[in-house]
Amino acid sequence: MTLSKEFEVIDYTSDVKIRAYGRNIEELFENSARGMFSLIGKNKKFRLNNIDKIFIIKIKGASYEELLVSWLEKLLFYHETKKILFFDFKIISFFPDKNEADINPEYSLEAKASGERIDLKKHEILTHIKGPTYHNLNIIQDIKNEIFEVNIIFDV
Amino acid sequence: MIDGQIKKINDYKFEIVLDKGKGMNVPGIIFSNDKLIEAVLQEETINQVINVASLPGIVKASYAMPDIHYGYGFPIGGVAAFDLQQGVISPGGVGFDIACGVRVIKTDFEYGDIKNKIQMLMENIFMNVPKGVGTKGRLRLSDREMHDVLLKGALWTVNNNCGLEENLAHIEENGTFLEADPAHVSKEALQRGREQLGSLGSGNHFIELQKVCEIFDKEAAGIMDIFENQVLIMVHSGSRGLGHQVCSDYLKIMQNASLKYNINLKDRQLACAPFNSAEGMKYYKAMGCAVNFAMANRECLSYWIIQEFEKMFSKSYKKMGMELIYDISHNVAKVENHIVDNKKMNLCVHRKGATRSFGPGHESIPADYKKIGQPVIIPGDMGRYSYIMTGTKKAMTESMGSSCHGAGRLLSRTSAKRQINGSELKKELFREKGIIVLANSMSGLAEEAPQAYKDIADIVDIAENAGLSKKVAKLKPLGVIKG
């Protein structure tokens, strides 16, 4: 099965909202990050990226939602402090998987994020994101299509 | 309208009737008028005002300023005061950009004096004042220096050649939030702030050169040394990544604290802890650090802007009459004295997108403004105007000493970008209004187009008619810098 879209940007008066999709929770996390960075910046011209900055991210949380917020926050942190525009995201491991989630209260993930050092000649910075919010943040699963989906509101 | 739930008190004040079934502890009060109230009621804003009214220890009412709009957790334009013993403190009631705020610096120039130099002046400022991610900062602070900034605020800039001592008295709290304690600020927050002191940021932040186009209150204008056609500088910026990280860190801590203290939340973004709990005090002290960072940030920015004036006109800032009129923060929680039902109370007042508006004689107002009340600075959009107002005694009883903070968005950022082309807008503002606009991102500019905002004249009229603040002067943009 293929996803018809990875994420979409939704109208929201004061801030910015994205809806991300994934065939599994890993893909949902990857696409949430993709959605966030589509708001942050882009390559000015279409060309192959020279993605040479790679970060391994490990985080913990008390729920999938909290883990999602921490994941996005960590990426924002590296974006700002290391001046990186991220283009590629890969969840390496995820604990627990959705079958054991109910019995294990400690969630964690390990992921790889790759990007380029920001160069204003090459990149356009679109939006400065202050942070992801918890407002109406619920990861839901469409049982019929087995698609995970989440709405995330960012303060910009 | 929502039937039976909203009561019109007078032409500028509406009440969301106290409904215990909805968990409300106090009523909601919305300052608006017949023209704007419909828009307020159509949004989910009302629910957000009600959610805030349901938090423990809230006193008197959950207030919505005239520029109220839907946000996340607390509404933007929300004011809520909490009892220090029974009440809570909430990072979501302050927002990510802690102590985001505005300042106005006056000059002795009339528009005609510098008309031909504005373009070059704006270009020099644009080049030499850091804007944010992707641009080079001018300061890189050590751990020790960060610690001092977080403790001392704008005072730090005075001791480190990037701020002016005479400005301190015209900043809220004289430029230093005394309860700040850097021990409660995370390493990540320090790292985000390290290279960002003295940088503008993007979004709705700006540096504007403005012209006074109308005076409403001659006495107050005289005391602030404001006159018609005068050139002023307005700076809108906040606590940058440091403040954003403090908010993120404590939102997480408060998720657990809310459970621990059995606080029933209608929205996780409202997560909070009792003011007097360990978690509450830590947040207050960490937030204080971000307030200090923001005040130091705006002082640095304006110091460097003043330097560009000095270079351009080969005169000292004193010879050009450059002085800070006032510096306010519009996203903050502060402990203040208020009189509630004839009783003096110490309250933690949250203002999220609202300006403190203390009236004449208040102890927190600098000596030279005691007679007229605290200056209340209301930035508008880049194509129309901004206002300087003063606080009122009535605001003390009506809105916990608070007024509006800006125009409020009309269009979402995405629809603004769909409808407006940034480069076209830049040309149009120059062609039709003579406004010079400099920005790094043209799509960012489109998001901030005048059409994306409500007319601020409507907002300040409500604020004045409701008695929350009083108009002193109207300012028109001449040049705009966006991050």
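Since the structure is predicted, the reported quantities are computational estimates derived from the model, not experimental observations.

### Remarks on helix H9 (residues 240-260) of chain B
Residues and elements named next belong to chain B. The end-to-end C-alpha distance of H9, which contains 21 residues, comes to 31 Å, matching closely the 30 Å that a straight helix rising 1.5 Å per residue would cover. Taken across its 21 residues, H9 has 17 buried, putting it largely inside the fold. Positive backbone phi, approximately 55°, marks Asn262, located one or two places after H9.

### Considering the interface of chain B and chain A
Opposite the 43 residues of chain B that make contact, chain A presents 38 residues. Interface area for chain B against chain A, summed over the two sides, is near 3,400 Å², with a carbon-plus-sulfur share of 49%. For chain B, the biggest contributors to the area lost against chain A are Val133(B), Lys252(B) and Arg268(B); these three give 18% of the whole. Applying the counting criterion to the chain B and chain A interface returns 6 salt bridges. Across the salt bridge formed by Lys130(A) and Asp97(B), the nearest N and O atoms sit 3.5 Å from each other. Linking chain B with chain A are 17 residue pairs in polar contact (both at pLDDT 80 or more), by the criterion used here. The leading source of residues in the side of chain B that touches chain A is H9(B), at 8 residues. Residue composition of the side of chain B that touches chain A, by class: 8 nonpolar, 22 polar and 13 charged.

### Side note on the side chain of Gln374(B)
On the secondary structure map, Gln374(B) appears in the loop between strand S14 (355-356) and strand S15 (375-378). If we skip the residues at most four places from it in the chain, Gln374(B) touches Glu172(B), Tyr326(B), Ile328(B), Arg356(B), Ser357(B), Phe358(B), Ile365(B), Met389(B), Thr390(B) and Gly391(B).

### What about the pairing of strand S5 (residues 74-83) of chain B?
Residue and element names in this part refer to chain B. Counting buried positions along S5 gives 10 out of 10 residues, so the element sits mostly inside the fold. Summarising the sheet, strand S4 (residues 58-72) and S5 pair through 6 bridges and their orientation is antiparallel. Among the inter-strand pairings, Ala64 is bridged to a residue of S5, identified as Gly78. Counting the residues that bridge the hairpin from S4 to S5 gives 1 residue, and of these Gly73 lies at a positive phi of roughly 70°. As judged from the 6 bridges shared by S5 and strand S13 (residues 343-352), these two strands associate in the antiparallel manner.

### Points about the nonpolar core
Counting residues in hydrophobic clusters, the biggest one holds 77 residues, and the most contacted among them are Ile98(B), Leu197(B), Leu209(B), Ile233(B), Tyr283(B), Met287(B) and Phe309(B). Take this core: its biggest share by element is 20 residues, from helix H10 (residues 278-313) of chain B. Apart from the residues within four sequence positions on either side, Tyr283(B) is in contact with Ile89(B), Ser90(B), Pro91(B), Val94(B), Ile98(B), Val246(B), Tyr250(B) and Met254(B). Core analysis: the second largest hydrophobic core is formed by 50 residues, Trp71(A), Phe94(A), Ile139(A) and Leu251(B) among them.

### As for the pattern of salt bridges
All names here are of chain B. Per the counting criterion, the structure on display carries 44 salt bridges over all chains. Among the salt bridges present, the one from Arg140 reaches Glu195, with a minimum N-O distance of 2.6 Å. Here Glu195 lies in the loop between helix H7 (187-194) and strand S8 (206-215) and Arg140 lies in the loop between helix H4 (118-128) and helix H5 (143-152), a separation of 55 residues in the sequence. Classification of Arg140 as exposed rests on a relative accessible area of 57%.

### Focus: empty space enclosed by the protein
Throughout the structure, instances matching the rule amount to 3 cavities of 30 Å³ or more. Computed from the structure, the largest cavity encloses a volume of approximately 530 Å³. Along the wall of the largest cavity there are 35 residues; nearest its centre are Ile76(B), Asn204(B), His236(B), His405(B) and Tyr453(B). Quantified by volume, the second largest cavity comes out at close to 50 Å³. Forming the walls of the second largest cavity are His128(A), Lys130(A), Val156(A), Gly201(B), Ser202(B), Gly203(B), Asn204(B), His205(B), Arg240(B) and His244(B).

### Considerations on the layout of surface pockets
Looking at the largest pocket, its volume works out to about 430 Å³. Of all the elements in the fold, those that place two or more residues in the lining of the largest pocket are helix H2 (64-81) and strand S7 (123-125) of chain A together with helix H14 (442-447) of chain B. The residue inventory of the lining of the largest pocket, partitioned by class, reads 11 nonpolar, 13 polar and 8 charged.

### Describing the packing of H2(A) against H9(B)
Helix-helix packing is characterised by the crossing angle of the two axes and by the distance between the axes. Packing of H2(A) against H9(B) leaves a shortest axis separation of 12 Å and a crossing angle of 160°. Considered as vectors, H2(A) and H9(B) are oriented roughly antiparallel to each other. Like other packed secondary-structure pairs, H2(A) and H9(B) cross with a definite hand, here left-handed. Every residue of H9(B) that contacts H2(A) at Glu66(A), Ser70(A), Glu73(A), Phe77(A) and Glu80(A) is listed here: Gly241(B), Gln245(B), Ser248(B) and Lys252(B). Looking at side-chain class alone, the contact of H2(A) with H9(B) contains 1 nonpolar, 4 polar and 4 charged residues.

### So, unusual backbone geometry
All names here are of chain B. In this structure, Asn342 takes a positive phi of about 65° despite not being glycine. A relative accessible area of 78% means that Asn342 is categorised as exposed. The phi angle at Met400 is positive, at roughly 55°, despite the residue not being glycine. In this structure, Met400 sits in the loop between helix H11 (393-398) and strand S17 (402-403).

### Concerning the environment of Ile215(B)
All names here are of chain B. With respect to the helices and strands, Ile215 occurs in strand S8. Among the residues examined, Ile215 registers a relative accessible area of 21% and is labelled partly exposed. C-alpha separation for the pair Ile215 and Leu475, spaced 260 residues apart in sequence, amounts to 9.1 Å. In this view, Ile215 contacts Ala221, Ile226, Phe227, Glu228, Val472 and Ala473; residues no more than four positions away in its chain are not counted.

### So, the sheet that holds strand S5 (residues 84-95) of chain A
Residue and element names in this part refer to chain A. Pairing is antiparallel across the open sheet formed by 3 strands, whose spatial order is S4-S6-S5. On the outer flanks of this sheet lie strand S4 (53-61) and S5, each paired with one strand and no other. If you compare each strand with its neighbour and ignore which way they point, the axes differ by 20° on average. As defined by bridge partners, S5 adjoins strand S6 (residues 107-117) across 10 bridges and the pair is classed as antiparallel. In the sheet register, Phe95 faces S6, and the bridge partner there is Ser108. Packed on one face of the sheet, helix H1 (residues 25-40) meets S5 and S6 and runs near 165° to S5. The sheet contacts of H2 involve S4, S5 and S6, and relative to S4 the element is tilted by about 150°.

### Considering the packing of H7(B) against H9(B)
Residue and element names in this part refer to chain B. Where H7 meets H9, the closest approach of the two axes is 7 Å, and the angle between their N-to-C directions is 165°. Classified by the angle between their axes, H7 and H9 sit roughly antiparallel to one another. Helix-helix and strand crossings are classified by hand; for H7 and H9 the assignment is right-handed. Contacts between H7 and H9 involve Glu188, Ala189, Leu190, Arg192 and Gly193 from the former and Gly241, Leu242, His244, Gln245, Val246 and Asp249 from the latter. Class assignment of the residues belonging to the contact of H7 with H9 gives a composition of 4 nonpolar, 4 polar and 3 charged.

Cut-off values and rules
Residues numbered from 1 in each chain as written. Chains lettered and ligands numbered in written order. Predicted model: local features only at pLDDT ≥ 70, side-chain atom pairs only at ≥ 80, totals over all residues. Heavy atoms only, no water. Helix = DSSP H or I, 4+ residues; strand = E, 2+ residues; numbered from the N terminus. Expected span 1.5 Å × (residues − 1). Buried < 20%, exposed > 50% of the residue type's maximum accessible area, 1.4 Å probe, protein only. Contact = heavy atoms within 4.5 Å. Buried area = accessible area lost by both parts, 1.4 Å probe. Salt bridge = Lys/Arg side-chain N within 4 Å of Asp/Glu carboxyl O. Polar contact = N/O pair within 3.5 Å; in protein donor to acceptor, adjacent residues only side chain to side chain. Nonpolar A, V, L, I, M, F, W, Y, C, P; charged D, E, K, R; others polar. Pairing = 2+ DSSP bridges. Core = buried A, V, L, I, M, F, W, Y, C linked by side-chain atoms within 4.5 Å. 1 Å grid on protein atoms, 1.4 Å probe; cavity = no way out; pocket = protein on both sides within 12 Å on 5 of 7 lines; lining within 4 Å. Points joined across faces, edges and corners; volume = space filled by probe spheres on them. Axes fitted to C-alpha atoms, helices over the stretch in contact; angles between N-to-C directions. Parallel < 35°, antiparallel > 145°, perpendicular 65-115°, else oblique. Left-handed = near helix turned anticlockwise from the far one by under 90°.

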